[in-house]
Amino acid sequence: MTQTTLSRRTVAEPPLDPPVRRTRSAWAKQEERAAWVMLTPWLLGLVAITAVPMVASLVLSFTDYRLLSSPSWVGLENYVRLLDDPRFTKAIGVTFRYVFVSVPLQLAFALALALLLNRGVRGLRFYRSAFYLPSLLGASVTIAILWRQVFGSEGIFNALLGLFGVNGPSWIGNPDHALGTLVVLNVWTFGSPMVIFLAGLRQIPREYYEAAAVDGAGRLSQFFRVTLPLLTPVVFFNVILQFIHAFQAFTPSYIVSGGSGGPVDSTLFYTLYLYQRGFTQFEMGYASAMAWILLLIIGVFTAANFVASRYWVFYGDEK
Amino acid sequence: MEAKGLLMSLPMNRRLFLHAAGVSLAGATLAAAGCTPRPTSGGAGGGAEGGTTVRAAWWGGDVRHAKFNAIYDLYSQRHEGVSIAREFADYGSYFERLPTQFAGGNAPDLLHVTERQVSDYASRGQLADLRSFADGGPLDLSLFSEASLAAGEYQGTLVMLLVGATIPATMYNAALFAQAGVAEPGLDWTWDAFASACLELAANLPEGSLGSTYQAISAPTFETTLVQDGKSLFAPDASAQLNFDAADGERWFRLWKELLDAGGCQTAEQTAEDSSAPFEDTAFAQGNTAMHVQNSNQLVTFQTAVGEAGELALAPFPQVGGAPASLVIGSYVSINANATDEVAEEAASIVDFFVNDPDANRIFGLELGVPGNSNWVEAVEAELEPVDRKVLEFAQAVEAQSVFATPRPSGSSRADSLMSELGLAVGFGELDPAAAGARLVDELAASIGAS
Amino acid sequence: MAGDHRASRFRRLMTHLALLTLSVVMLYPVIWMLSSSFKPQEEIFRNQGLIPWEVTLDNYVEGWNALQYGFELYFFNSLVVAVAAVVGNIFSCSLAAYALARLRFRARRVVLAIVLITIMLPYHVVVVPQYIMFSSFGWVNTFWPLILPKFLATDAFFIFLMVQFIRALPRELDEAATIDGAGPYRTYWKVILPLTMPAMATTAIFTFIWTWNDFFTPLIYLNDPTTHTVPLALRSFLDATGESSYGSLFAMSLLGLGPIIGFFIVAQRYLIEGIATTGVKG
């Protein structure tokens with residue numbers, strides 16, 4: 001790839017040359033102080049709101065905690081029990097399939113439409129709103145009913161198939177297809193990553209395009225030389241966050257399957273199973289152990305993504 | 001205590017829930033309690049102190065919320081200085097929030113439970129002994145049937161009081177039966193009669209109509225067949241034991257699988273689709289199947305959905321086991337054991353108002369099913385809608401064969417999701433009935449920690 | 001030239017056709033809900049087509065007042081919580097993000113890692129400890145458990161979002177400011193904030209919508225009906241153990257979309273007014 005203005009260095013480190021010729025250490029001190037001042041709200045929140053429950057859940061994962069009585073220490077028992085819990089294995093399978101199919105699809109869709117809309121189509125506002133509207137509904141209780149209207153045996157999807165003489169099954173009632181409808185549901189709500197992509201595209205300085213045009217670059221080459229590299233931090237963000245989101249997916253299955261993860265556990269997402277254990281079976285210790293295993297899985301996955309990002313993400317703050 | 005002794009000597013009484021436990025006993029308790037049969041003023045003394053606030057929680061939809069609100073408003077009107085703070089949510093959300101509130105030591109004073117969840121709270125001492133408010137206190141239990149009181153006991157303590165009992169029963173569409181020329185079910189019908197009716201219905205009704213929904217997925221229906229053999233899902237004393245074996249499960253799954261394969265009931269796929277659908281949008285409510293198993297008090301919901309297309313009626317679930325029997329499940333009210341004495345006393349007075357005051361009874365009607373006290377039934381009987389009358393008459397008709405579901409042990413909530421999973425797996429042909437029966441026993445035993 | 005022109009017009013037409021078709025497909029469920037909201041309650045599941053047999057406004061009129069309080073109260077509550085959350089997130093997350101994206105300090109990588117880790121833990125296991133904590137502060141039935149965390153940047157998602165956007169900005173932009181003698185605070189205020197308008201707008205939109213739609217947190221903390229938000233009220237129309245009012249549910253759900261659509265339409269102006277339109281010079 002031809003890179004003129006941007007380097008490939010992506011290590012999370014800002015450049016080390018302060019542009020002003022004050023003494024290096026005075027500047028660094030001011031910067032360090034400012035950083036901590038600006039991080040104060042976050043730090044307070046971490047200590048007061050986030051950290052305590054997080055640590056509590058870690059500790060509880062080593063206990064038998066039935067919610068209504070005090071926890072009792074059981075060491076690694078919850079983790080050991082997880083190893084031969086068939087529903088746990090099932091939930092992992094379901095979740096991985098969901099994550100690796102729905103996220104790439106959703107992101108591809110979102111990026112394609114963001115690029116299309118960014119070209120200044122007439123009626124841009126209408127389309128953007130239309131495409132975004134489903135995301136507003138994504139978590140609503142009405143989705144369960146609406147989804148039957150689309151993918152039930154008598155839904156619109158089968159009505160369309162009927163035009164071609166195909167007699168479709170009940171997509172949500174069949175264990176082979178139910179997860180597929182949730183993938184579609186996730187793709188349907190591509191509005192959020194699309195908006196983020198659009199915002200990213202809008203933030204690319206016009207000068208770069210002008211410079212590229214002066215160099216005689218065509219539209220395609222502008223896209224590869226300017227748009228795509230400058231958009232990579234935002235692409236990276238969407239990849240990381242949509243994957244985390246998908247790993248933690250709960251609401252789609254909770255609403256569409258009525259909380260069961262059915263039919264026959266075919267939509268038993270990891271967090272849905274965790275929730276069933278914690279809130280309906282009152283095994284909060286077990287649920288906490290599950291949570292920390294999920295954190296580990298996501299953590300490893302995210303770290304791998306960060307490592308890989310060195311080879312494809314370009315930051316404007318690097319030279 | 002004397003009530004308990006009486007129950008033990010008269011085991012048949014366990015099956016009666018509509019009628020009070022004998023006039024002599026009721027009279028005796030009344031005398032002892034020094035209450036009048038119409039204790040609207042019973043709590044007035046307790047509530048006289050200014051500024052008592054009782055937090056009351058329940059589950060339901062907007063229709064039920066309006067009834068609760070009207071009753072509690074009426075109570076506040078009659079008892080100056082008492083305010084009732086209300087917390088309500090739909091069934092699922094309600095039981096999501098409640099454990100969190102108890103864990104945080106911030107639970108409502110007055111709450112509603114069923115035999116499914118009560119052990120989780122009662123076993124940790126979170127629910128007050130209601131009899132402690134009865135003798136000389138504001139709560140009059142004298143008109144409650146022995147059986148309904150026994151059903152609210154957890155290990156000998158009355159931790160919940162019945163506000164509505166319902167029977168998982170066969171709901172059928174009489175119009176479809178007439179159309180197919182099939183005789184309507186009687187009170188004493190058997191599985192064979194049911195299965196042949198299903199096949200006849202399927203054969204005689206237009207394409208796409210079926211005899212019954214597929215009920216292999218329903219834990220209460222399965223338990224109904226267990227009760228017919230004198231068994232139950234869990235040990236009656238709520239200890240961590242099952243009270244059935246794999247063969248019972250296998251029989252259950254096999255019966256349904258055979259019916260399904262013969263084309264007598266819904267496919268597993270349709271069943272799965274319907275299981276997360278609004279009532280109004282299920283095959284039975286749409287008039288596509290002639291029979292369905294559902295809690296009897298929901299007849300009105302289904303009748304509204306079906307509308308004039310067909311009149312619905314109730315019959316017991318057919319006899320599969322040794323003797324005809326129907327399972328009764330209930331909605332109950334409890335008092336939080338952590339409430340202060342003053343608040344708990346006031347809460348008990350509110351409970352008394354709720355179950356014994358004719359005005360309150362008339363507002364609530366049979367919203368949650370048939371109550372356990374005869375005076376409530378008397379208060380509402382005259383003004384019942386035809387559909388509700390059917391529900392009441394059905395309960396009376398099967399009263400002699402009714403058996404209350406007992407509090408389930410902790411961890412038992414898996415029963416419903418497991419039953420649904422296995423029933424569908426059998427229906428889809430992923431599991432054979434024997435394997436499903438074995439898994440039912442294994443996984444259920446594991447979830448309650450049975451040894 | 002002329003052929004070229006025609007070809008591009010044809011292409012534009014096709015683009016619009018494709019976009020319109022996609023819009024219809026995307027919006028079908030919403031259109032179905034809209035149509036159902038004008039049907040009488042009994043008709044909703046009897047006539048599942050898009051065209052009502054009978055058009056009525058009952059669901060809107062009755063739905064608005066079907067619950068203990070009118071919906072104006074629930075809308076007001078939702079609005080208070082959502083607006084406060086937007087202010088909180090923009091304030092706290094952008095500060096933290098600027099520090100993490102541009103300032104050099106020890107422990108920077110550690111802080112970033114912690115930010116990410118807090119996103120990774122499933123929410124449901126921290127519910128109970130958090131409830132115990134807030135309930136011991138006496139904050140049940142107040143908006144504090146919903147608002148305060150936003151002012152303390154606990155929505156780490158948005159920190160990371162803004163870090164990525166700020167880092168995508170060319171460094172020369174704020175270097176110019178530093179050469180003019182601006183310190184970190186002024187650079188943040190004068191350069192970074194205006195230039196990351198699209199990111200701020202995105203944050204505002206998402207925060208508003210997610211807070212508006214959130215069900216679980218209000219369910220647990222807002223028990224008193226006078227504090228209920230719109231999603232809690234909507235859930236009152238549904239109950240698995242009795243009668244449900246689908247007509248009112250649909251009607252009020254659609255009205256509930258109003259404020260979020262309105263917010264989106266207002267905020268999307270700022271999505272466009274990024275650096276691309278304002279330019280970087282000056």
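Keep in mind the model is a prediction, meaning the values are calculated, not measured. (Residues numbered from 1 in each chain as written. Chains lettered and ligands numbered in written order. Predicted model: local features only at pLDDT ≥ 70, side-chain atom pairs only at ≥ 80, totals over all residues.)

## Some words on the overall build of chain B
Turning to step 1, where the next piece is worked out: The helix and strand inventory of chain B stands at 19 helices and twelve strands.
Turning to step 2, where the next piece is worked out: Classification of the 451 residues of chain B by burial places 59% in the buried group. (Helix = DSSP H or I, 4+ residues; strand = E, 2+ residues; numbered from the N terminus. Buried ≥ 20, exposed ≤ 12 C-beta atoms within 10 Å, placed from the backbone.)

## Quick look at the overall build of chain A
Turning to step 1, where the next piece is worked out: Broken down by element type, chain A carries 13 helices and two strands.
Turning to step 2, where the next piece is worked out: Its C-alpha atoms give chain A principal-axis dimensions of about 65 × 60 × 30 Å.
Turning to step 3, where the next piece is worked out: The 319 residues of chain A split such that 51% are buried.
Turning to step 4, where the next piece is worked out: In chain A, once contacts between residues fewer than 6 apart in sequence are set aside, the share between residues at least 24 apart is 68%. (Contact = placed C-beta atoms within 7 Å.)

## Observations concerning helix α12 (residues 270-280) of chain A
The α-helix winds at 3.6 residues per turn, so residues separated by three or four positions along the chain end up facing the same way.
Turning to step 1, where the next piece is worked out: Within α12(A), ten of the eleven residues are buried, which leaves it mostly tucked inside the rest of the structure.
Turning to step 2, where the next piece is worked out: The secondary structure elements touched by the buried residues of α12(A) are α3 (86-118), α11 (251-256) and α13 (284-309) of chain A, α5 (91-103) of chain B together with α5 (124-136) of chain C.
Turning to step 3, where the next piece is worked out: A:Phe282 sits one or two positions beyond α12(A) and adopts a positive phi of about 60 degrees.

## Let's talk about the sheet that holds strand β10 (residues 312-315) of chain B
All names here are of chain B.
Turning to step 1, where the next piece is worked out: Overall, mixed pairing links the four strands, which are arranged β8-β9-β7-β10 in an open sheet. Lying at the two open borders of the sheet, with one neighbouring strand each, are β8 (210-212) and β10. Strand-to-strand twist of the sheet, defined as the mean angle between neighbouring strand axes without regard to direction, takes the value 30 degrees.
Turning to step 2, where the next piece is worked out: Examined bridge by bridge, strand β7 (residues 168-173) and strand β9 (residues 289-295) share five bridges and lie antiparallel to one another. Paired with Met-171 across the strands is His-292, a residue of β9. (Pairing = 2+ DSSP bridges. Axes fitted to C-alpha atoms, helices over the stretch in contact; angles between N-to-C directions.)

## A closer look at the interface of chain A and chain C
Accessible area lost when the parts come together is the quantity often used to give the size of an interface.
Turning to step 1, where the next piece is worked out: In this assembly, 85 residues from chain A lie in contact with 87 residues from chain C.
Turning to step 2, where the next piece is worked out: Elements with a minimum of two residues in the side of chain A that touches chain C: α1 (24-60), α4 (124-137), α5 (142-151), α8 (191-202), α9 (206-214), α10 (219-247), α12 and α13 of chain A.
Turning to step 3, where the next piece is worked out: For the side of chain A that touches chain C, the element with the most residues is α1(A), which contributes 22 residues.
Turning to step 4, where the next piece is worked out: Of the residues that constitute the side of chain A that touches chain C, the class distribution is 59 nonpolar, 18 polar and eight charged. (Nonpolar A, V, L, I, M, F, W, Y, C, P; charged D, E, K, R; others polar.)

## Quick word on the environment of B:Arg408
All names here are of chain B.
Turning to step 1, where the next piece is worked out: Looking at the element boundaries, Arg-408 is found in the loop between β12 (402-404) and α18 (414-427).
Turning to step 2, where the next piece is worked out: Remark: the alpha-carbon pair of Arg-408 and Glu-115, spanning 293 residues in sequence, is separated by 6.1 Å.
Turning to step 3, where the next piece is worked out: If near-sequence neighbours (up to four positions away) are discounted, Arg-408 is found in contact with Glu-115, Arg-116, Ser-119, Phe-234 and Ala-238.

## Considering the environment of C:Val24
Turning to step 1, where the next piece is worked out: Relative to the helices and strands, C:Val24 resides in helix α1 (residues 2-37).
Turning to step 2, where the next piece is worked out: C-alpha separation for the pair C:Val24 and C:Lys150, spaced 126 residues apart in sequence, amounts to 36 Å.

## Thoughts on the UniProt feature "transmembrane region" (unreviewed entry) in chain A
Turning to step 1, where the next piece is worked out: Residues annotated in UniProt with the feature "transmembrane region" (unreviewed entry) correspond here to residues 34-62, 96-117, 129-147, 178-201, 222-244 and 289-313 of chain A.
Turning to step 2, where the next piece is worked out: Taken end to end, residues 289-313 of chain A is 84% helix and 0% strand, and its two terminal C-alpha atoms sit 34 Å from one another. (UniProt positions renumbered as here; feature names shortened; annotations may be inferred.)

## Quick look at the interface of chain C and chain B
Turning to step 1, where the next piece is worked out: Taken together, the contact between chain C and chain B spans 28 residues of the former and 28 residues of the latter.
Turning to step 2, where the next piece is worked out: Those elements giving two or more residues to the side of chain C that touches chain B turn out to be α5 and α11 (216-221) of chain C.
Turning to step 3, where the next piece is worked out: Here the side of chain C that touches chain B takes five residues from α5(C), the largest share from any one element.
Turning to step 4, where the next piece is worked out: For the side of chain C that touches chain B, the residue count by class is 15 nonpolar, eight polar and five charged.

## A word on the confidence of the model for chain A
Turning to step 1, where the next piece is worked out: Taken as a whole, chain A shows an average pLDDT of 86; of its residues, 91% reach a score of 70 or greater.
Turning to step 2, where the next piece is worked out: Taken together, the stretch residues 1-21 of chain A has pLDDT below 50 and engages in 32 contacts with residues farther than four places along the chain or on a different chain. (pLDDT = per-residue confidence, 0-100.)

## Section: the nonpolar core
Turning to step 1, where the next piece is worked out: Of all hydrophobic cores here, the largest spans 323 residues; its most connected members are C:Ala96 and C:Ile159.
Turning to step 2, where the next piece is worked out: Not counting chain neighbours up to four residues away, the residues in contact with C:Ile159 comprise A:Trp42, C:Cys93, C:Ala96, C:Ala97, C:Leu100, C:Val115 and C:Ala153. (Core = buried A, V, L, I, M, F, W, Y, C linked by C-beta atoms within 7 Å.)

## Focus: the packing of helix α12 (residues 268-275) of chain B against α18(B)
All names here are of chain B.
Turning to step 1, where the next piece is worked out: It is the contact of α12 with α18, at a shortest axis distance of 9 Å, that shows an interaxial angle of 150 degrees. Taken together, the axes of α12 and α18 are roughly antiparallel relative to one another. Mapping the contact onto sequence places Ala-268, Thr-271, Ala-272 and Ser-275 in α12 and Ser-420, Leu-424 and Gly-427 in α18.
Turning to step 2, where the next piece is worked out: Taken together, the residues of the contact of α12 with α18 sort by class into three nonpolar, four polar and no charged. (Parallel < 35°, antiparallel > 145°, perpendicular 65-115°, else oblique.)

## A closer look at the packing of helix α3 (residues 71-102) of chain C against helix α10 (residues 197-213) of chain C
Residues and elements named next belong to chain C.
Turning to step 1, where the next piece is worked out: Across the interface, α3 lies against α10 with an axial gap of 8 Å and an inter-helix angle of 145 degrees. For the pair α3 and α10, the crossing hand works out as right-handed. On α10, the residues touching Ser-78, Val-81, Ala-82, Ala-85, Val-86, Asn-89, Ile-90, Cys-93 and Ser-94 of α3 are Met-200, Thr-203, Ala-204, Thr-207, Phe-208, Thr-211 and Trp-212. (Left-handed = near helix turned anticlockwise from the far one by under 90°.)

## Some details on unusual backbone geometry
Residues and elements named next belong to chain A.
Turning to step 1, where the next piece is worked out: With a phi close to 70 degrees, Leu-67 is a non-glycine residue in the positive phi region.
Turning to step 2, where the next piece is worked out: Here Leu-67 lies in the loop between β1 (63-64) and β2 (72-73).
Turning to step 3, where the next piece is worked out: Notably, Val-264 is not glycine yet its phi reads approximately 50 degrees, a positive angle.
Turning to step 4, where the next piece is worked out: Locating Val-264 in the fold gives a position in the loop between α11 and α12.
Turning to step 5, where the next piece is worked out: Given 26 C-beta atoms within 10 Å, Val-264 falls into the buried group.

## Examining the pairing of strand β2 (residues 82-89) of chain B
Residue and element names in this part refer to chain B.
Turning to step 1, where the next piece is worked out: Within β2, six of the eight residues are buried, leaving the element largely enclosed by the surrounding structure.
Turning to step 2, where the next piece is worked out: Inspection of the sheet shows strand β1 (residues 52-59) paired to β2 by eight bridges, in the parallel sense. Looking across to β2, one finds that Trp-58 is bridged to Phe-88.

## Regarding the environment of A:Arg128
Turning to step 1, where the next piece is worked out: Relative to the helices and strands, A:Arg128 is located in helix α4.
Turning to step 2, where the next piece is worked out: A:Arg128 gets classed as buried once you count the C-beta atoms within 10 Å, which come to 23.
Turning to step 3, where the next piece is worked out: Here the alpha-carbon distance between A:Arg128 and A:Met194, two residues 66 residues apart in the chain, equals 8.9 Å.
Turning to step 4, where the next piece is worked out: Contact partners of A:Arg128, with chain neighbours within four places excluded, come to A:Leu117 and C:Gln268.

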